[in-house]
Amino acid sequence: MGKPEPTGIKAWIFTTDHKKIAVLYLVTSLVFFVVGLLLAIIMRTKLLVPDREFLISNELYNVFFTIHGAAMVLFWMIPVLLGFFANYLIPLMIGAHDVAFPRVNALSYWMYVGACLIAVLGLVLPGRLDIGWTGYPPYSVTGPANTALYVFAVHLLGASSISGAVNFITTIITLRAPGMTWGRLNLTVWGIFGSFIIQLIGVPVLAAAVTLLLFDKYLGTHFYDTNGGNPLLYQHLFWFYAHPAVYVVALPVFGIVSDIVSTFARKRIFGYTSMVIAMMIITVLGFEVWVHHLYVAGTLNWSRIVFMWGTILIGVPTGIKVFNWLATLHKGSIDLKTPMLYALGFIALFTIGGITGIANGLVGFDIHVHDTHWVVAHFHYVLALSMSMLVLGGIYYWFPKMTGKMYDEKLGQLGFWLTLVGALIAFFPHFMMGVDGIPRRYAILPAEYTGMIRISSLFSYIAIAGFFITIWNYIKSARSGAPAPANPWNSLSLEWTIPSPPPFYNFEKIPVITSDPYEYGKPEGHGEEKGAVGGHAAHHH
Amino acid sequence: MYKKLLTTIIMLMALIVPATMVFGGERVADPAAGWDKHYHFFGVVGFLIFVIVFVPLLYFVFKYRRTSENHTGAYIEGNTGLEIMWTAIPVVIIVLLGVQTWALFNEYRSVPANAHEVKVEAYQYGFKMVSPEGIETDGEFTVPAGPVKLNMTSRDVIHDFAVPAFRVREDTVPGRWTYMWFNASKEGTYQVYCAELCGPGHSLMLAKLNVVSKAQYAKWVEENKMKAQTMTPVERGEKLAKQCIGCHSLDGSPAAGPTLKGLFNSDTKLADGSVVKTDVAFLKKKIKAPKNNLVDGYPPMMPPYSFTDDELNAVVEYIKSLK
């Protein structure tokens, strides 16, 4: 129905189809994931020898961790979740033909590509960005870095995020199929909804913060310098968005874990309502924590206490989610296919990162470990490794949906186990270095830690090898995988009720929804008093 | 439902209030010792949470495996009692940890009245310290055993004064004064790190902290007062140039900037292609306004230094001496 589907290369460049835009996001963000991993390999290798000139100079080391951080957070994790997963899944999960504003959607993607190109320039042009992905003034203003590139990349990316947020919030509110009530949404949809609310509120503040940086550096204004300005102002503005950005990544991940666990345990997600409430609490509470990045920055003592309570209390809704996942596994029918392995691996790594994150949030504890390797270890467990792994698992889960082909299960499991073992051990020595108070972002570590860092680097190579095998599996299986059945996991979720890959306009006729996506093993007649008439939309086909 | 909620709130209060008194009332004389205690307490709690998550995770995965293609899990929508339990218990744990850390934090931020007060000025890439007697030292500090308070600022960008041995750190911010204190309980030499990214020399921005007895400290003060009066310009320049050696080597080895060895009166190619003699006039110009005199092959990263004329002469004399 509708206009005919375009073909050829133009079909990709000029597309406004949410599924094609999603694939574009996926490919671009995976490229940046690989860039981030390659930079990690070089930095890890430099640290093997405690010598200032080994492999790369100190200056280049600083450039590399700047681009590594920016690539991983801004160009991989956020775009893959809010670009790829949101685009591909939202219309399919709510029963819509496309998003509310398909052309704005295409614009979002191309602005993201522009930001990517600027980031690459920041890596290769003279005046390379060595300011950390945080870009704190005065160093970013007085130092040699070409801060304009940083600012413009953030601007373009921000414009992309804001238009994406407007688009998807509108889509979720207005384009749900008849009968798709808020209580029947996949938790993935809820997670993405929360993320876009954070984007809409937070990104403009970040854009303002870096704009003032630009003015200070090139127009001689004094927002962040000592002639009437205040360097700490930038840190407040930056972290007002940049800490909630962690939850921008986390919320969709929580949703995807819930969907995968429910499907592969073939059991209703435990405590759906409490899952949704927990996500919304995190969305709101996420804005009450940012000063924990300024615990030792010379901020007012009482403000550190206030924001500590926000920070550590966020552990409560997060804990609720973990326990609900465990309860979902209880009495389930668990099938350990690759996506499920990734979901379970995520829970394991995330728990380690979460517990150590509570410690980090404790203001008295942090006064010794702030900006040490403890922090490096914590966020690599809680964010970098666990969530990257879950993203890879999510790609496996919907791989048959996107391509109509099955991925290679053996290769998938091999990649998973390499990454899990590597990830579990690689960052553990960093906790020990953190407790000893060794600062992060050091190109040369004290000689007595050489042994520890070598173990750490070795296992990081193993984890990265697993990542590469996984990416290779996607490429190989997309080209020559075995044909997949329409619903290989026997999922009850709406996106699996249409053919794979989905037709151009998704649904021939907008479905009428009569049940929710988690009703595995629901006894006949159960819940009918609530007005449900049994049978999922699936059965219309 | 309301009854359950009410019971939970009452139970929470019953647990939290006494715990607050136990943990909040405790005073520690030394934040470093308090930190270690706090860390051990957290270690036990953290390990317990870890076990509570991992044991069921592994057990369920092994126990509830899919037995046949059509096998399905039990149909359970949720359980309000359980939800309340795993909301309330974490709240109690969080409040316990929070109250304990709050008390510790108060110790960290309340400076004892008898603290030995010194001034620290951080710069790219080093720390300058001024003792209460007015003695300036660079890169190596001497303090008497007992509580020490640091009033800190920065000359250029944000740095951080971290002393892991005493479990404490605080940023130094240009244009602002920040403070921290620690109890230098044991004599010895301790490592100081910069813990805030400040440029290519960040990982070289180190210092030593010597904690000595009160008698030794008095001796150190006397010696240094004498030295300040009898110092030659080269010696004075050497002291001032401590802040240069993060980027400039003294032995000819390569670094972020050109080596200072043999620099004086050599021919140097500038970024605009011209070649200049690095005489006294050029060195002074370069130190005051580095960006106007960029040297070929090096990034424009040197910050300007605002030495007095005397200090500038001393630094140049010192560079002259490095043959």
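In what follows, the structure referred to is the one given above.
Residues numbered from 1 in each chain as written. Chains lettered and ligands numbered in written order. Predicted model: local features only at pLDDT ≥ 70, side-chain atom pairs only at ≥ 80, totals over all residues. Heavy atoms only, no water.

## Structural notes on the environment of B:Ile287
All names here are of chain B. By the element assignment, Ile-287 lies in helix H6 (residues 280–288). Take Ile-287: its relative accessible area is 9%, and that puts it in the buried class. The spatial distance from the C-alpha of Ile-287 to the C-alpha of Leu-312 is 8.4 Å, given a sequence separation of 25 residues. Beyond its immediate stretch of four places on either side in the chain, Ile-287 contacts Met-302, Pro-304, Tyr-305, Phe-307, Leu-312 and Val-315. (Helix = DSSP H or I, 4+ residues; strand = E, 2+ residues; numbered from the N terminus. Buried < 20%, exposed > 50% of the residue type's maximum accessible area, 1.4 Å probe, protein only. Contact = heavy atoms within 4.5 Å.)

## Describing the environment of B:Ala145
Summarising the element assignment, B:Ala145 is placed in the loop between strand S4 (140–144) and strand S5 (146–154). Setting aside residues up to four positions removed in sequence, B:Ala145 forms contacts with B:Ala184, B:Val211, B:Val212 and B:Lys214.

## A look at empty space enclosed by the protein
Residues and elements named next belong to chain A. Per the stated rule, a full pass over the model turns up seven cavities of 30 Å³ or more. Here the largest cavity is characterised by a volume of approximately 240 Å³. Lining of the largest cavity is provided by 22 residues; of these, Ile-78, Leu-157, Ser-160, Ser-161 and Gln-199 occupy positions nearest its centre. Residue assignment for the lining of the largest cavity shows that the elements contributing at least two residues are helix H3 (58–94), helix H4 (102–124), helix H6 (147–174) and helix H7 (187–218). No other element matches H6, which puts seven residues into the lining of the largest cavity. Among the residues forming the lining of the largest cavity, the class breakdown is 13 nonpolar, nine polar and no charged. (1 Å grid on protein atoms, 1.4 Å probe; cavity = no way out; pocket = protein on both sides within 12 Å on 5 of 7 lines; lining within 4 Å. Points joined across faces, edges and corners; volume = space filled by probe spheres on them. Nonpolar A, V, L, I, M, F, W, Y, C, P; charged D, E, K, R; others polar.)

## Side note on unusual backbone geometry
Look at the link from A:Pro137 to A:Pro138: it is a cis peptide, with omega at 0°. Across the junction of B:Gln124 and B:Tyr125, the peptide omega takes the value 0°, indicating a cis bond. In this structure, A:Arg266 takes a positive phi of about 40° despite not being glycine. When you line up the elements, A:Arg266 lands in the loop between helix H9 (244–264) and helix H10 (272–285). The phi angle at B:Asn265 is positive, at roughly 60°, despite the residue not being glycine. Residue position: B:Asn265 is located in the loop between helix H5 (233–240) and strand S11 (267–269). B:Asn265 gets classed as partly exposed once you look at its relative accessible area, which sits at 40%.

## A look at the pattern of salt bridges
Residue and element names in this part refer to chain B. Applying the stated criterion to the full structure yields 17 salt bridges over all chains. Linking Lys-128 and Glu-121 is a salt bridge whose minimum nitrogen-to-oxygen distance equals 3.6 Å. Residue Arg-155 pairs with Glu-121 through a salt bridge whose shortest N-O separation is 3.2 Å. Residue Arg-155 is located in the loop between S5 and strand S6 (159–163), and its partner Glu-121 is located in strand S1 (residues 116–123); the two are separated by 34 residues in the primary sequence. (Salt bridge = Lys/Arg side-chain N within 4 Å of Asp/Glu carboxyl O.)

## A short note on the layout of surface pockets
Residues and elements named next belong to chain B. Considered as a void within the structure, the second largest pocket measures approximately 860 Å³ in volume. Lining the second largest pocket are 28 residues; nearest its centre among them are Glu-136, Thr-137, Met-231, Lys-239 and Leu-240. Counting only elements with at least two residues in the lining of the second largest pocket, the list comes to strand S3 (136–138), S4, helix H4 (214–230) and H5. In terms of residue count, H4 provides more of the lining of the second largest pocket than any other element does, six residues in total. Considering only residue class, the lining of the second largest pocket consists of seven nonpolar, seven polar and 14 charged. Two domains each put at least three residues into the lining of the second largest pocket: domain 2 (116–230) and domain 3 (233–321). (Domains from an automatic or database assignment.)

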